[in-house]
Number of protein chains: 2
Amino acid sequence: MRTSCLFCLFCFYLSFYSSAQEIPEVDQDRLENTILTLAKYGMMENGETNRVAFSDADLEGRAYIISLMQVSGLEVSVDFAGNIIGKRAGRDRYLKPIGFGSHIDMVPNGGNYDGCVGSLAAIEVIRTLNDAKIQTEHPLEVFIFSNEEGGVMGSRALVGELKQEALNVVNSTGYSMEQGINRLGGNATRIPEVERSEDALTAFLELHIEQGGILDREQIDIGVVEGIVGIKWWDVNIKGFANHAGTTPMSMRNDALLAASKFILAVNEVTKSFEGKQVGTVGRISAFPGAPNVIPGEVQLSLEIRDLSSEKIEQLFEGMKSRAIEIEKEMGTTFTFTPIDATSAPALTDPRIQKIITEAAGDLNLSTKQMQSGAGHDAQDMARITPVGMIFVPSLGGISHSPKEYTSPEDMANGANVLLRAILLLDQAWF
Amino acid sequence: MRTSCLFCLFCFYLSFYSSAQEIPEVDQDRLENTILTLAKYGMMENGETNRVAFSDADLEGRAYIISLMQVSGLEVSVDFAGNIIGKRAGRDRYLKPIGFGSHIDMVPNGGNYDGCVGSLAAIEVIRTLNDAKIQTEHPLEVFIFSNEEGGVMGSRALVGELKQEALNVVNSTGYSMEQGINRLGGNATRIPEVERSEDALTAFLELHIEQGGILDREQIDIGVVEGIVGIKWWDVNIKGFANHAGTTPMSMRNDALLAASKFILAVNEVTKSFEGKQVGTVGRISAFPGAPNVIPGEVQLSLEIRDLSSEKIEQLFEGMKSRAIEIEKEMGTTFTFTPIDATSAPALTDPRIQKIITEAAGDLNLSTKQMQSGAGHDAQDMARITPVGMIFVPSLGGISHSPKEYTSPEDMANGANVLLRAILLLDQAWF
């Protein structure tokens, strides 16, 4: 339980806002309608939506978001990195703003909830405050980050971590990040000016779909995110010896694909041998020369490890490398591990904000579960400059990055209500 | 030991030819020179040769072969399937010809010995007979089969097995088989006329490099081929469920690549669990969607099994399918096996011809080993219409279908001498 007293303004506001009767609730239908409207930007003939960052659909979706922000009375701007930022004044202009938001760009063949729920709930929170004529102490800033799916581009720029070399990366639209930023109304040559200092925000909150199946399976309303896992990637090359599949006896083979198969099993076994929620994945594989009648002489595969602890990621990797050495000896093959520079460090959320989110959900009689985020998010970057919190709502069947992605209108509204209440609690608790 | 008597013409010739002194030997240098000359047709700047069927290099190489046959006194023609056939009259025009030969087309990135040794040794045998002024009883026919590497096209046509649908297959030159046949001087609309009846030849012999490492490793001069393995191919599809690699706990995954890895190990284990020389190979694999951060939802891989016995191939396949069913249950994935119509039945060589080859080698003080051919050959098709024999010579390091392919001039000459002697023994033993 939160402690409070009756003698200070802090507790006055706290007692005022923490009563469920006095805090308004978001309009579930209005929120759902904006989700369905946004889904039309990039909708294809089969009813699925394709809105990769920098595409025409992305530009159109962003225009819709900007208009929605403007009719909600926000002061809207697009920064040099293409982030859409909507400001709402607070009573005290000297307080650092409370930030919240997410993204609206999609992975290719993605769904309409990843990022969109957090973005449109942020705007719905503003509209609900407007309707209830509530002005917060702190200024509020709604962030719709640019190109999250292509490397958390917008949030990286905000924390000064968008490297020059990243600007050359081309996504599935055919545009490089540099070209894309300019298409979004940014200015790729002025990215460094976007960086925020560590005292620029009071806190940052992100509502997001879980993208996993835990809440849905356990029938829990709200996930209180403890942290966002770190991600490390390696390219693994396995060299054997290509030879004729008909004329090379089983005993004389150096089959790189057989060695790779043993390694894939080892990745799974090593990952599961540790206590905890760590994950290890081989998602990509190629065998060369790749003909049915030739023993593979070389295999390339991807290795990804995620965990909240960098140390455990290292331990897991060492365990996998040891198993690779055993396979090398057994199979006459060689393994090479090349780290890939697309990785991120673990980011813990602020325990005080976790507590506020839990309380907010409790006030609304919503069940909660402390959990980690296995996916990367803009909040992960924002944690470099400000305390962050993340609220998860259920993903049906745990499906994400797929047109089958789905979160019910009730769950979206629950998340938006928790976000609204957490912002108001933060506004009062955190001067 | 071969039995003989002194009272018949048969035994007169047999005793005449079987004495090593009286049978001429091939010209090792001349044979090597033709190998080196043929290698120039399609030679690239890096010194490697690229002579895929239907390419300009193939056309030029064939023109060289035709001229070599013509100066060797053969009556040369190109049949409707593009096979080059060189005829030499026998003493008895009513006897069915003895056929021998191989092919000169190459796989992409192949070597200068596969097919070429057997082709040029066949011509060298003719030149040696010419030099020694030996006329055989039987007519002789040298076959240089068209497009062996692209599906034993020429020999299939000769035995009436080149299907109409195969003519649409395009190889790496960009030409379809139909276009290619016409480029070679054949006529794709008249393929059926090429078919030979079952009594068209006395026998067919093919000299070939081993394409495996057994003779080289065991330092044996000549392989006496017992049979050419049958080949069966399947496309194997494994369905799991694609999901986010960060948000899906290890215990909630249906990882198609993990299931595929278990299956690849099972293919190896089942193949090795039987006595014999059978081989089982997974050479091609694709995982979908194929991103480092997505659990593979689907895998496609190739399965190939080869053995001299069709029954054993079936037993091996059943064993692998049983293991797939176990993996399905364990992993929550499904396996589908689709047979591919690029397979061939096992072909046994004629035991009488095996004996003649062994004797011929013995007369030349060459060591022999009975072995199977793990690779497919034109002789495999020819076995449908006539008794066949195959002579193997060592491949250095067992390497084949590679620019590193190599057989020494001595080994090539040994093979050619065994071929020559086997033809002469056949000529006398087999009216």
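Computed from a prediction, not measured in an experiment: that's the story for all the values here.

Attention now goes to the overall build of chain A. Broken down by element type, chain A carries 12 helices and 16 strands. The C-alpha radius of gyration computed for chain A amounts to 24 Å, which stays within 12% of the reference 22 Å derived for 431 residues, consistent with globular compactness. Dimensions of chain A, computed from the C-alpha atoms along their principal axes, are close to 85 × 45 × 40 Å. For chain A, buried positions account for 59% of its 431 residues. Taking the contacts inside chain A whose residues are at least 6 apart along the sequence as the reference set, 80% of them involve residues at least 24 apart. Carbon together with sulfur atoms contributes 50% to the accessible area of chain A, which is approximately 16800 Å² in total. Of the side chains in chain A, 36 bear a positive and 57 a negative charge, and the two mean positions are spaced by 2 Å.

With that out of the way, let us pick up the domain arrangement of chain A. Residue and element names in this part refer to chain A. Under the domain assignment used here, chain A contains domain 1 (10–229 + 346–429) and domain 2 (230–339). Placing a centre on the C-alpha atoms of domain 1 and another on those of domain 2 gives a separation of 37 Å. Contact residues are listed per partner, giving 14 residues for domain 1 and 8 residues for domain 2. Of the roughly 750 Å² buried between domain 1 and domain 2, counting both surfaces, carbon and sulfur atoms make up 59%. Across the domain 1-domain 2 interface, the total number found is 0 salt bridges. Only β6 (222–228), β14 (347–348) and β15 (368–373) provide two or more residues apiece to the side of domain 1 that touches domain 2. In terms of residue class, the side of domain 1 that touches domain 2 is built from 7 nonpolar, 6 polar and 1 charged.

Counting residues in each nonpolar core, the largest one holds 58 residues, and the members touching the most others are Phe-263, Leu-301 and Leu-303 of chain A together with Phe-263, Leu-301 and Leu-303 of chain B. If we ignore the near neighbours within four places in the chain, the residues touching Leu-303 of chain A are Lys-232, Trp-233, Trp-234, Val-236, Phe-263, Val-267, Thr-281, Phe-317, Met-320 and Phe-337 of chain A.

Every contact between the two is made by 52 residues of chain A and, on the other side, 52 residues of chain B. When the area that chain A buries against chain B is broken down by residue, the three leading residues are His-244, Met-250 and Pro-292 of chain A, summing to 16%. Linking chain A with chain B are 0 salt bridges, by the criterion used here. For the pair chain A and chain B, the interface holds 6 residue pairs in polar contact (both at pLDDT 80 or more). Mapped onto the side of chain A that touches chain B, the elements with two or more residues apiece are α7 (214–218), β8 (243–244), α8 (256–272), β9 (279–281), β10 (285–288), β11 (294–295) and β12 (298–307) of chain A. The greatest single-element share of the side of chain A that touches chain B, amounting to 9 residues, is contributed by α8 of chain A.

What follows deals with the packing of helix α3 (residues 56–71) of chain B against helix α4 (residues 116–131) of chain B. Residue and element names in this part refer to chain B. Two elements in contact, α3 and α4, have axes whose closest approach is 10 Å; the angle formed by their N-to-C orientations is 15°. With respect to each other, α3 and α4 are oriented roughly parallel. For α3 against α4, the interelement crossing comes out left-handed. Side by side, α3 and α4 meet where Ile-65, Leu-68 and Met-69 of the first sit next to Leu-120, Ile-123 and Arg-127 of the second.

All names here are of chain A. Applying the stated criterion across every chain yields a total of 20 aromatic pairs over all chains. For the pair Tyr-113 and Tyr-406, a centre-to-centre distance of 5.6 Å together with 75° between the ring planes defines the contact as edge-to-face. Pair noted here: Tyr-113 is in the loop between β3 (98–103) and α4 (116–131) and Tyr-406 is in the loop between β16 (388–393) and α12 (409–429), with a separation of 293 residues, a long-range link. For Tyr-406, a relative accessible area of 36% translates into the label partly exposed. For the ring pair Phe-143 and Phe-204, a centre distance of 6.0 Å and an interplane angle of 75° mean the geometry is edge-to-face. Of the two residues, Phe-143 sits in strand β4 (residues 140–145) while Phe-204 sits in strand β5 (residues 203–209), which places them 61 residues apart along the sequence.

Below, the discussion takes up the side chain of Ser-176 of chain A. By the secondary structure assignment, Ser-176 of chain A is in the loop between α5 (153–158) and α6 (177–183). Filtering out sequence-adjacent residues up to four positions away, Ser-176 of chain A remains in contact with Phe-54, Leu-167, Asn-168, Val-169 and Val-170 of chain A.

When chain A is fitted to chain B, the residual RMSD is 0.2 Å, and the transformation amounts to a turn of 179° plus an axial shift of 0.1 Å. Here the two chains are linked by the operation of a two-fold rotation axis. Among all residues of chain A, the minimum C-alpha distance to the rotation axis is found for Ser-261 of chain A, at 2.1 Å.

Here Leu-95 of chain A is to be found in the loop between β2 (84–88) and β3. Distance in space between the C-alpha atoms of Leu-95 of chain A and Pro-192 of chain A is 24 Å, their sequence separation being 97 residues.

Our focus in this paragraph is helix α2 (residues 28–39) of chain B. Residue and element names in this part refer to chain B. Between the first and last C-alpha of α2 there are 17 Å, a value that for 12 residues agrees with the 16 Å anticipated at 1.5 Å per step. Here the buried face of α2 lies against α3, α4 and α12 (409–429). Capping the start of α2, Asp-27 holds a side-chain oxygen 3.1 Å from the backbone nitrogen of Asp-29, two or three residues further along.

Another aspect to go through is the pattern of salt bridges. All names here are of chain A. The final tally for this structure, using the stated rule, is 38 salt bridges over all chains. When the shortest N-O distance is used, the salt bridge between Asp-56 and Arg-183 registers 2.6 Å. Pair noted here: Asp-56 is in helix α3 (residues 56–71) and Arg-183 is in helix α6, with a separation of 127 residues, a long-range link. A relative accessible area of 49% places Asp-56 in the partly exposed class. Judged by relative accessible area, Arg-183 falls into the partly exposed class, the value being 25%.

How each quantity is defined
- Sequence order as written defines the numbering, with residues in each chain counted from 1.
- Lettering for chains starts from A, numbering for ligands starts from 1, and both go in the order in which the items are written.
- Under the rules for a predicted model, residues below a pLDDT of 70 receive no local features and side-chain atom pairs below 80 are neither given nor counted, while totals for whole chains, interfaces and linings still include all residues.
- Water and hydrogen atoms were dropped before computing side-chain values, which therefore reflect all heavy atoms in the structure.
- Counting from the N terminus, the helices are the DSSP runs of H or I reaching at least four residues and the strands are the DSSP runs of E reaching at least two.
- What the globule rule says is 2.2 Å times the number of residues to the power 0.38, and the radius of gyration is computed from C-alpha atoms.
- When a residue's accessible area, from a 1.4 Å probe over protein chains only, is under 20% of the maximum for its type it is buried; when over 50% it is exposed; and in between it is partly exposed.
- A contact between two residues is defined here by any heavy atoms of the two lying within 4.5 Å.
- Accessible surface is estimated by sampling points in the Shrake-Rupley manner with a 1.4 Å probe; for residues, cover comes only from the protein chains shown.
- A residue counts as positive if it is Lys or Arg and as negative if it is Asp or Glu; His and the chain ends are not included.
- Here the site of a charge means NZ on Lys, CZ on Arg, CG on Asp, or CD on Glu.
- In this document the domain limits rely on a domain assignment from an automatic tool or a database.
- Values labelled buried area give the accessible surface lost by two parts on being combined, using a 1.4 Å probe and summing over both.
- Basic side-chain nitrogens of Lys or Arg form a salt bridge, by our definition, when they fall within 4 Å of a carboxyl oxygen of Asp or Glu.
- Amino acid classes used here: Ala, Val, Leu, Ile, Met, Phe, Trp, Tyr, Cys and Pro are nonpolar; Asp, Glu, Lys and Arg are charged; the rest, including Gly, are polar.
- To form a nonpolar core, buried Ala, Val, Leu, Ile, Met, Phe, Trp, Tyr and Cys residues must be joined to one another through side-chain atoms within 4.5 Å.
- We define a polar contact as two N or O atoms separated by no more than 3.5 Å, with the added condition that, inside protein, one atom must be a possible hydrogen donor and the other a possible acceptor, whereas residues neighbouring each other in sequence contribute only through side-chain atom pairs.
- A fitted line through C-alpha atoms represents every axis, and for helices the fit uses only the stretch in contact; the resulting angles, taken between N-to-C directions, go from 0 to 180 degrees.
- Put simply, angles under 35 degrees are roughly parallel, angles over 145 are roughly antiparallel, angles from 65 to 115 are roughly perpendicular, and the rest are oblique.
- Crossing handedness: left-handed means the near helix sits turned counterclockwise from the far one by under a right angle, and right-handed means the same turn made clockwise.
- Stacked, tilted and edge-to-face are the three classes applied to pairs of Phe, Tyr and Trp rings, where Trp contributes its six-membered ring and a pair requires centres within 6.5 Å; stacked means planes under 30 degrees apart, edge-to-face means over 60, and tilted covers the rest.
- In superposing the copies, a least-squares fit is computed on C-alpha atoms, taking residues whose pLDDT is at least 70 in both.
- Each residue after the first adds 1.5 Å to the expected span of a helix.

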